Structures are given as C-alpha cells and as structure tokens.
Amino acid sequence: TKLLDFACSEPPQNLSLWPCNGIILRKNREEGRFSAFPPERGIIVFRLIYPGSFDPPHKGHLDLIARASALADELIVAVLQNGDKAGKLSLETRCKLLKQVCAGYDNVRVRTFRGALADFFSEEKATALLRGLRSADDFGYELPMTVVNRGLKADCETLFLAASPEYSFISSSLVRELLRLQKDVSPYVPECIVPELEDLYQA
Ligand code: ADP
C-alpha cells in the first residue's frame, strides 16, 4: 500500500476493493499490485506514465522504474523530445537505451511522445503520471506542472515517489558532464548501457 498510503486510509482487512479519491482500487493479492477502476472511464488497469527526458537514463531513473513497476499493473516510460534542455542524445537513442535498461521488467513499456503530456495521458488511458522527487527544489519545479496538467485534463493526476537516498544526488546533467570529460560513469548509470553511452560521447 506504500504508494497510496498518503492518499487513502487502509482498507478493512477482509476487503480488496475500496474507494480512494474517486477511484476504486483493487489489490491483486497474488502480485501485490494495485488496479484502478474509475468506472466512467472504463479503465481496468492501474497504468502509470513516467515522463522525462532521460538524457541519458541513469540509476536514479532505474530505481524509480523498478519501484513503480512493482506497484502498478503497467508502467509506460515516456521519453519526450527535449524542449529547452541541451542534451546530446537523439530521441531514438534515449528510447533505445531505456529499452535496454527496462528489459527485465515485463510490465514496463518505453514510448516516445511529442506534444502535450496531458494528451498522451488520455491517449494511453493512464491512471496517473509518475514523477520522482530528489529535493525540495524538485518539488518546486514539479508543482506548477502538476497543476497545469490538471488544468488541461482534470483527471490527469500526478503521483510522486521520493528518490532513494543512495541515488538522490544523481542527475542526467551530472552524467553528461562526466561523459564530456571522458570520466567513468559506471557508478551512476546502469551497467548494461555504459559502453554504448561512452561510445556515443566519444564519437
Ligand atoms: P526532466 O523530466 O525534467 O527532463 P529527467 O528526465 O532527468 O528530467 O527525469 C525524469 C523524472 O525522473 C523526473 O520526475 C525526475 O524528478 C526523476 N528523477 C531524476 N533523477 C532522479 C533520481 N536520481 N532519483 C529519482 N528520480 C529522479
């Protein structure tokens, strides 16, 4: 019940259905995951969308993906075209790297998207967006986006997971800087993509 502890009270012991902020949640007792049933939308899965630039993906992202995939029926990692961020990797490359990183998680899909996140949210019939919080600064950045997304689509809720302490200082910009300096990034980046990432930055 960790993800939703802050949003609803504990269900009675003998019930697996209970209301929470207008959504009926069902706990899958075998897998320990939640499913959401807002009947008017006909959604029968608890589907999270984890959007980001992922330029490049790192261990902090993977930590969130692993934790969210254990909570949700489905997790869509949505790779967005960089707006004002100056990264080196193309959308296709970031998507390819993320697919390698997520290969071990059978309920995780990697998708690219352009345009408004709230539109993508509706197209995918998602239950909520997922974002990570590393610090109070992150929260200050996230809050307006959350409000704006709900302004665009009233049901476009955002759930937050706090970064694990061991990864909370990792950022894509830090990894990019190390790559530019041709320094070892293996403490910060999932092992399976380190060689490819180093090659991309040496090219
Ligand atoms: P943005 O979406 O702003 O372009 P990123 O692609 O780096 O930024 O991050 C995507 C999401 O992952 C954001 O919600 C961000 O807060 C979260 N995130 C980034 N780094 C970490 C980390 N080290 N631990 C947990 N979450 C993180």
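From a predicted model like this one, the values you see are computed outputs, not experimental measurements.

Caption draft 1: Up close: the overall build of the protein. For the protein, the helix and strand inventory stands at six helices and eight strands. Overall, the protein shows an N-to-C arrangement of helices and strands of β-β-β-β-α-β-α-β-α-β-α-β-α-α. Classification of the 203 residues of the protein by burial places 45% in the buried group. Restricting to contacts in the protein with at least 6 residues of sequence separation, those with at least 24 account for 66%. When the accessible surface of the protein is split by element, carbon and sulfur atoms take 54% of a total near 10,600 Å².

Caption draft 2: Representation of the packing of helix H2 (residues 91–101) against helix H6 (residues 194–202) within the structure. Between H2 and H6, whose axes approach to 11 Å, the crossing angle comes to 160 degrees. Accordingly, the angle class assigned to the pair H2 and H6 is roughly antiparallel. Here H2 and H6 pass one another in a crossing that is left-handed. Here H2 contributes Thr-93, Lys-96, Leu-97 and Gln-100 to the contact with H6, which in turn contributes Glu-196, Leu-197 and Leu-200.

Caption draft 3: Just helix H5 (residues 172–180), in detail. All of the buried residues in H5 are Ser-172, Val-175, Arg-176 and Leu-179. Projected down its long axis, H5 carries its buried residues within an arc of 100 degrees, all on one side. Those residues of H5 hidden inside the fold are in contact with helix H1 (59–71) and H6. Where H5 terminates, the next one or two residues include Gln-182, which has phi positive at roughly 55 degrees.

Caption draft 4: Representation of the sheet that holds strand E6 (residues 108–113). Taken in spatial order, the five strands line up as E6-E5-E4-E7-E8 in an open sheet, and their pairing is parallel. Both edges of this open sheet fall to E6 and strand E8 (158–162), since each of them pairs with a single strand only. Taken over all neighbouring pairs, the strand axes of this sheet differ in orientation by 30 degrees on average, direction set aside. Two elements, strand E5 (residues 74–80) and E6, share six bridges in a ladder whose sense is parallel. Opposite Val-79, over in E6, you have Thr-112 as the bridge partner.

Caption draft 5: Structural view of the packing of aromatic side chains. Overall, the coordinates contain four aromatic pairs when judged by the stated rule. Geometrically, the ring pair formed by Phe-113 and Phe-120 is stacked, given 4.9 Å between the ring centres and 15 degrees between the ring planes. For the ring pair Phe-139 and Phe-160, a centre distance of 6.5 Å and an interplane angle of 65 degrees mean the geometry is edge-to-face. One end of the pair, Phe-139, is in helix H4 (residues 136–152); the other, Phe-160, is in strand E8, and 21 residues separate them in sequence.

Caption draft 6: Structural detail: the state of the cysteines. As enumerated under the stated definition, the model contains zero disulfides in all. The thiol of Cys-95 is unpaired, and the distance to the nearest cysteine sulfur, on Cys-102, comes to 9.5 Å. For Cys-95, a relative accessible area of 8% puts it in the buried group. Of all cysteine sulfurs, the one in Cys-192 lies closest to Cys-102, which takes part in no disulfide; the gap is 9.1 Å.

Caption draft 7: A look at the environment of Leu-133. Mapped onto the elements of the fold, Leu-133 is located in strand E7 (residues 128–133). Remark: the alpha-carbon pair of Leu-133 and Ala-162, spanning 29 residues in sequence, is separated by 4.8 Å.

Caption draft 8: Representation of a nonpolar patch on the surface in the model. Judged by side-chain polarity, Phe-139, Leu-143 and Val-147 come together as a nonpolar surface patch covering roughly 270 Å² of accessible area. Mapped onto the elements, Leu-143 comes out in helix H4.

Caption draft 9: How the structure looks around the side chain of Asp-138. Assignment of secondary structure puts Asp-138 in helix H4. In this structure Asp-138 comes out as buried when scored by relative accessible area, which is 11%.

Rules behind the numbers
- Sequence order as written defines residue numbering, which begins from 1 separately in each chain.
- With pLDDT at 70 or above as the cut-off, local features in this predicted model cover only qualifying residues; side-chain atom pairs require 80 or more to be listed or tallied, and sums for whole chains, interfaces and linings still use all residues.
- Computation of side-chain values: all heavy atoms of the structure, hydrogens and water removed.
- Each helix corresponds to a stretch of at least 4 residues labelled H or I by DSSP, and each strand to a stretch of at least 2 residues labelled E; elements are numbered beginning at the N terminus.
- Type-normalised accessible area, obtained with a 1.4 Å probe on protein chains alone, sets the label of each residue: buried when under 20%, exposed when over 50%, and partly exposed for intermediate values.
- Throughout, a contact is declared for two residues whenever any of their heavy atoms are within 4.5 Å.
- For accessible areas, the Shrake-Rupley method is used with a probe of radius 1.4 Å. Any residue's cover is judged against the shown protein chains and nothing else.
- Between the N-to-C directions of two axes lies an angle of 0 to 180 degrees, each axis being a line fitted to C-alpha atoms and, for a helix, fitted only over the stretch in contact.
- Oblique is the label for any angle not under 35 degrees, not over 145, and not in the 65 to 115 range, which are roughly parallel, roughly antiparallel and roughly perpendicular in turn.
- Handedness of a crossing follows from how the near helix is turned relative to the far one, being left-handed for an anticlockwise turn of less than a right angle and right-handed for a clockwise one.
- For this quantity, the arc is that covered by the directions from the helix axis to the C-beta atoms.
- The pairing criterion is simple: DSSP has to find at least two bridges between the two strands.
- Pairing of aromatic rings covers Phe, Tyr and Trp, the last counted by its six-membered ring, and requires centre-to-centre distances within 6.5 Å; plane angles under 30 degrees mean stacked, over 60 mean edge-to-face, and any other angle means tilted.
- When two cysteine sulfur atoms lie within 2.5 Å, the pair is treated as a disulfide.
- For patches, a residue must show more than 30% relative accessible area and have no salt bridge; joins then use 9 Å for like charges and 5 Å for nonpolar side chains, namely Val, Leu, Ile, Met, Phe, Trp and Tyr.
- Definition used for salt bridges: Asp or Glu carboxyl oxygen within 4 Å of a side-chain nitrogen of Lys or Arg.

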